[in-house]
Amino acid sequence: MKKILIYFMFCMAISAVSMAQVDRSNYPEPGPAPTIELDDPATFTLDNGLKVFVVENHKLPRVTFSLVIDRKPILEKDKAGMTGFVGQMLMAGTTNRTKEELDEEVDFIGATLRAGSTSMYGSSLKKHQEKILTLMSDVMFNPVFPEEELDKLKKQSLTALATSKDNPDAISSRLAAKLDFGADHPYGEIETEASLQNVNVNDIREYYETYFKPNISYLAIVGDITKEEAEKVVKAHFSGWEKGEVSQKDVPIPASPEGRQVALVDRSSSVQSVINITYPVEMSIDNPDYLKARVLNYILGGGSSSRLFMNLREDKGYTYGAYSSIGTDRYVTSFSAEASVRTEVTDSAVNELVSEIAKIKASGVTAHELESAKASLSGSFGRSLESPSTLANFAINIERYGLPKDFYKTYLQRLSALSVEDINAAASKYIHPDNMYITVVGNGAEIKDKLEAIGAVQEYDIWGDPAREMEMVDADMTAEKVISNYLTAIGGQEAVEAIKTAKVVMNAEIQGQKIKMTSYHDEAKSRYAQTVEMLGNVVSTTTLADNKGKISGMGQEKELTDEQFEEVKMNMFVFPEAHYESLMYTLTLDGVKDVDGQDAYKVIVNNPTGATTVNYYSVESGLKIKSENEKTGDINYNDYQERQGIRYPMSMVVKTSMIPMPLNTTVESLELNVEMNDENFK
Amino acid sequence: MKKSSFLALAFAGMLSVPAIAQNSIEFKEFTLDNGLHVIMHKDNTTPIVVTSVLYHVGSKNEDPERTGFAHFFEHLLFEGSENIGRGEYMKKIQSEGGTLNAYTSNDITYYYETLPSNKLEIALYMESERMLHAKIDQIGVDTQREVVKEEKRQRYDNQPYGTILPETLLRAYSEHPYQWAPIGSLDHLNAASLQEFMDFYKEFYVPNNATLTIAGDIDYKQTEEWVKEYFADIPKGQKEIYRPSIVEPKKTAEIRDVIYDNIQIPAVIQAYNLPPKTDKDSYAMDMLSTYLTGGNSSLMTKELVDKQQKALAVAAIPLDLEDGGIFIMYGIANMGVQAEDLEKEIDVLIRQVQQEGVSEEDFQKLQNIIENDVVSGNSSLDGIAGNLAQSYVFYGNTNQINMELEKYREVTRDDLKRVANKYLTLDGRVVLYYLPKPAESKQ
């Protein structure tokens, strides 16, 4: 026994750790926390006021030049969206190079060059340093701002805006911005078609001439370069940059919401509600509570082990994710708690969010939560340092926001010193459960009443403006009357019933490609056909006949299921409204709504299989101006004209999730009561 | 794990080509008696450390009746071990201020975590637990099967063009197990018994089939001691590791097919078989792909997207695999452009390269771009860890990481023309059209 013991000890001695039986029952203890040494970047200032920071890092033979213009936020008013064009306009050519030449020269050296309204970024291998600086300074100092490039950019922005009109997340963020900051605030104003159209090349040039000044700019140089060399090249390329006074306005601080205000945007095609609970808050990086607020937010809803996520997703299964944020901004920012949830649980989800917000203020956080938050935040701070540009950003922040010189050096130390009491004090100061905007974008008919239990619901339109107060002028109005008024408006019940067949040819254009759609309605024989042609080729045909439907195209043919047949069946009729009664569709009148500025009766149409379509009929003219269907999309009807005693919309705008942008269709010909050919329904 | 998309891996792999000539990556390596190969790279600039284990098992090592196993294990092995509770693996790393991830390809399965450097021992302990005695039980198998089902739905079935890789592989290989994608078959996973999962673990998750890489703020001596402490006792595998020796026969006819998918815009996919990853021509094919579609001023982007406006996007991606991968080319048609029409123009440009090669000026540009990519490829520790491990496993030489630029430099203009003719064989390729499923009529 003794021998064995000696042998054992002997073994231990010669190979101390490698043979030791390791304790696998517990996690090893971490070593002492590493000290993070942050070197101060070298810095110098040119005579024109340009402040330069140099982070030497010779690991890779690369160098990056990153310029930031430190201007205050500006109010763009009737030209909202203008600053969004500045970067691409700068890159659209110079007095020395066309856009193509610029692209080619950047690609040729394998480099990157980009510009924004307050930034410019150039990066290349060390050996192409002179070339990238030449290209960067050419873009900086000699832009030509070509008109045709602005036209192209405007077109793209208008397309994006059109798409965003229907996007619930975009609607939600516009609403939150307007409520938190107000429409006349740099953070609250939003771009519209008119404001984008309003932008011209002179605005861009004027902006460039006003703000691109060295005395409000910082240049960070990171990579394989010494301070001496940086000084030489920066002087060579940037000392001719003339300084100038930039007069800037302060940003106003908006008032907090009074009480809890429930704001709803009714989007009847929604199957999910986008919830954002928000209010403005002042939290700049130089605020002594900055770190406390970050920890507080992490615990409430900063990650996938935070309270909101654990409650709304893991416990209740309401949503794929629920998060909160407290922004950081020199002037003013916002608190927000967000989730996209199934329509049915909208009010329950709002209640859970509100109660978590109230709870963290009332009961505070636990020591365990605090430790996890610290570990997570210090881990991400540590990882961020791997990128050398982080050091440059730190130096610029210290300068820009007047932070203590050791702000980042003491970051981890200050984080680790925070106590539960600190976080609870921050919760009591920055969390305001009784003064919040509770914004919801969703199907009003299903959620509005339930939301009323949370607070008085104020309705807003898709632009974040209060929806016009709409009242039922005629208290006796019913859905049936709306339909009958509509039929009268298009020519009268009798005239409508006299129509037995119709052939409609419509044209549309997508990105320069013409599409032709031809529909045959044969009400006498209960059949319908539609062909879609592109470039003269038939790309799809739909046929309904003998209580069956099929769709063919791209070499395939598919029978419709009974459900699909019911959906498509409404197409069979030239004027479906004339058949609602006989088909036993149920109609519900859901008040008067604002449809692109027109007052309209909203009628919800349910067919016996449960499919829903929502139609809007103008209060003034009685005509149908819009329909919404979850599956087939939204259609706006315009330009009613008379044909053979019947009024028919000659222009329709179709929006569906199937096509990337709204499709403008116009009626090329409409023939009523024409002979139908059996060939068309084969 | 959750973020493992093979296609994304393939794309990322292409973007971050390993290694540099100028600034070499230093490393130390050793092999334990049980066969575990260990690579260490010290860089004390930032107090973080990346720990990774590469298991040399991918979908090609699977039984054709049990496809999807390798990828399934990438999920299963986060379930815990004899000492780490179920679901704790990820939580522990996160609560220590770290991040983690994993992916599976046709050739390898790779796990990695980034932690503050004082927590290296925790990472080594956890990886050794995974290698020594991972928890493989019915509950874990059932749970992860549901997760993989969701992943397949989200990433492949529900994703426009998401099935491109599986559909292409299926046709590009008639014999080799590359014919199935790592996601594999859910039916196979459903049919598998618990014993089969345990057998797979015993065959492939053994130290002699693994490469452990540690990169970051470390001390070489201490790291080596810890590695021995946690890994030396893990027994060497007893089974023979299955590595397919099947050689894919050369295609003599074009394979052409149409896939109807939930998409709006037609796409054309072409795939050409490539030589094994370690073949010298791999570098030339990579440069050729950059010439064809890398950047705004590349041949196909300029001609098909900007000038003719027939395509919304075009891309050439060499998916280089151990036993010979595929060169995938895809074009997404512009609105109203037929797939046939776009394919014709793509072929015109391929023939142009085959006949005329690459101009001196374009060749120069290509070398500049490649140099920039190679140099930038090793800018992060997790990139370096991955490249070190792959250099060792695929090339049998860890220092391959420092020879990449040299290898690209050896490629000549003539080589580009030669490989364009040798591999882009118009009569031995796969061509797929992705077309929109006939939609329900609107209006």
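Residues numbered from 1 in each chain as written. Chains lettered and ligands numbered in written order. Predicted model: local features only at pLDDT ≥ 70, side-chain atom pairs only at ≥ 80, totals over all residues.

### Digging into the overall build of chain B
This is how it is decided: The helix and strand labels rest on DSSP assignments: H or I over at least four residues marks a helix, E over at least two residues marks a strand, and numbering proceeds from the N terminus. With C-alpha atoms as the basis for the radius of gyration, the globule rule is written as 2.2 Å multiplied by the number of residues raised to the power 0.38. Exposed residues have 12 or fewer other C-beta atoms within 10 Å of their own C-beta, buried residues have 20 or more, and partly exposed residues fall in between, where C-beta atoms are placed from the backbone. By the criterion used throughout, residues are in contact when their C-beta atoms, derived from the backbone, lie within 7 Å.
Of the regular secondary structure elements, chain B holds 16 helices and 11 strands. In summary, chain B has a C-alpha radius of gyration of 23 Å against a globular reference of 22 Å for 443 residues, a match within 12%. Its C-alpha atoms give chain B principal-axis dimensions of roughly 60 × 55 × 45 Å. Evaluated residue by residue, chain B yields a buried proportion of 53% over its 443 residues. Taking all contacts inside chain B whose residues are at least 6 apart in sequence as the whole, residues at least 24 apart take part in 81%.

### Looking at the overall build of chain A
When its secondary structure is counted, chain A shows 20 helices and 25 strands. Dimensions of chain A along its principal axes, counting C-alpha atoms only, are 100 × 80 × 60 Å. Among the 682 residues that make up chain A, the fraction classed as buried is 36%. For chain A, the proportion of contacts with a sequence separation of at least 24, taken over those separated by at least 6, is 69%.

### With respect to the nonpolar core
Filter applied, for reference: Only buried residues count toward a nonpolar core: Ala, Val, Leu, Ile, Met, Phe, Trp, Tyr and Cys, linked into one set through C-beta atoms within 7 Å.
Ranked by internal contacts, the top residues of the largest apolar core, which has 68 residues, are I269, M287, L288, F327, I328 and L416 of chain B. In this structure, Y55, A70, F78 and I84 of chain B belong to the second largest nonpolar core, which totals 66 residues.

### Some words on the pairing of strand β3 (residues 48-55) of chain B
Residues and elements named next belong to chain B. Under the convention used in this document: Pairing between strands is defined by DSSP: at least two bridges between them are needed.
For β3, the buried fraction is high: eight of the eight residues fall into the buried class. The side-chain alternation of β3 yields two buried faces, one formed by I48, V50, S52 and L54 and the other by V49, T51, V53 and Y55. When β3 meets strand β5 (residues 109-116), the two strands line up antiparallel, connected through eight bridges. Following the sheet pairing, S52 is matched in β5 by Y112. Strand direction decides the pairing type here: β3 and strand β6 (residues 210-216), joined by seven bridges, are antiparallel. Each bridged residue has a counterpart across the sheet, and for S52 the counterpart in β6 is T213.

### Observations concerning the packing of helix α10 (residues 290-302) of chain A against helix α16 (residues 420-430) of chain A
Geometrically, a packed helix pair is captured by the angle between its two axes and the distance between the axes. All names here are of chain A. Note the following rule: Lines are fitted to the C-alpha atoms to define the axes, a helix being fitted only along its stretch in contact, and any angle between axes, read from their N-to-C directions, falls within 0 to 180 degrees. By the definition adopted for this analysis, an angle is roughly parallel if under 35 degrees, roughly antiparallel if over 145, roughly perpendicular if from 65 to 115, and oblique otherwise. Classification convention: Asp, Glu, Lys, Arg as charged; Ala, Val, Leu, Ile, Met, Phe, Trp, Tyr, Cys, Pro as nonpolar; all other residues, Gly among them, as polar.
At their nearest, the axes of α10 and α16 sit 9 Å apart, and the two run at 90° to each other. One way to sum up the angle between α10 and α16 is to call them roughly perpendicular. Residue-level contacts link K292, A293, V295 and L296 of α10 to D422, I423, A426, A427 and Y430 of α16. Tallied by class, residues from the contact of α10 with α16 come to seven nonpolar, no polar and two charged.

### Let's talk about the packing of helix α10 (residues 281-293) of chain B against helix α11 (residues 299-307) of chain B
Residues and elements named next belong to chain B. Running from amino to carboxyl end, α10 crosses α11 at an angle of 30°, the nearest separation of the two axes being 3 Å. It follows that α10 is roughly parallel to α11 by the angle criterion. Across the interface between the two elements, Y291, L292 and T293 of α10 pack against L299, M300 and T301 of α11. Residues belonging to the contact of α10 with α11 are distributed by class as follows: four nonpolar, two polar and no charged.

### Side note on the sheet that holds strand β6 (residues 217-223) of chain A
Residues and elements named next belong to chain A. In space, the six strands of this open sheet follow the order β1-β2-β6-β3-β5-β4, with mixed pairing throughout. Unpaired on one side and paired on the other, β1 (42-45) and β4 (112-116) mark the two borders of the sheet. Within this sheet the neighbouring strands show an average axis-to-axis angle of 10°, counted without direction. The pairing of strand β3 (residues 62-69) with strand β5 (residues 119-125) spans seven bridges and is antiparallel.

### Let's talk about the environment of S384 of chain A
All names here are of chain A. By the element assignment, S384 lies in helix α13 (residues 367-384). The class of S384 is partly exposed, set by 15 C-beta atoms lying within 10 Å. Residues S384 and G87, 297 residues apart in the sequence, show an inter-C-alpha distance of 27 Å.

### Digging into the sheet that holds strand β1 (residues 28-31) of chain B
Residue and element names in this part refer to chain B. The strand order across the open sheet formed by six strands is β1-β2-β6-β3-β5-β4, and the pairing between neighbours is mixed. Each edge of the open sheet is held by one strand with a lone partner, namely β1 and β4 (99-104). Neighbouring strand axes in the sheet, compared pairwise and without regard to direction, differ in orientation by 15° on average. Together, β3, β5 and β6 form the strand contacts of helix α4 (residues 120-133), whose direction differs from that of β3 by roughly 15°. Seen against the sheet, helix α9 (residues 220-231) touches β1, β2 (37-42) and β6 and runs at an angle of roughly 155° to β2.

### Some details on the confidence of the model for chain B
All names here are of chain B. Cut-off, in case you're wondering: As a per-residue quantity, pLDDT reports the predictor's confidence and falls between 0 and 100.
With 92% of its residues at a pLDDT of at least 70, chain B reaches an overall mean of 89. Segment residues 1-22 is flagged for pLDDT under 50; beyond a separation of four residues in sequence, or across chains, it makes 54 contacts in the model. Predicted confidence is poor over residues 439-443, with pLDDT under 50, and the contacts of this stretch with residues over four places away or in other chains come to 17 contacts. We note a pTM of 0.76 for the whole complex and an ipTM of 0.83 for its interfaces.

### Regarding the environment of N190 of chain B
All names here are of chain B. Position of N190 relative to the elements: it lies in helix α7 (residues 186-191). By C-beta crowding, N190 is classed as exposed, having 9 other C-beta atoms within 10 Å. In the structure, N190 is positioned 52 residues away from Y242 in sequence and 22 Å away in space, judged by C-alpha atoms.

### Quick notes on unusual backbone geometry
Most peptide bonds adopt trans geometry, and most residues besides glycine take a negative phi value. Residues and elements named next belong to chain A. With a phi angle near 50°, K77 is a residue other than glycine that sits in the positive phi range. One non-glycine residue, N547, lies in the positive phi region at around 60°. You can see N547 is positioned in the loop between β16 (537-545) and β17 (548-553). For N547, a count of 10 C-beta atoms within 10 Å translates into the label exposed.

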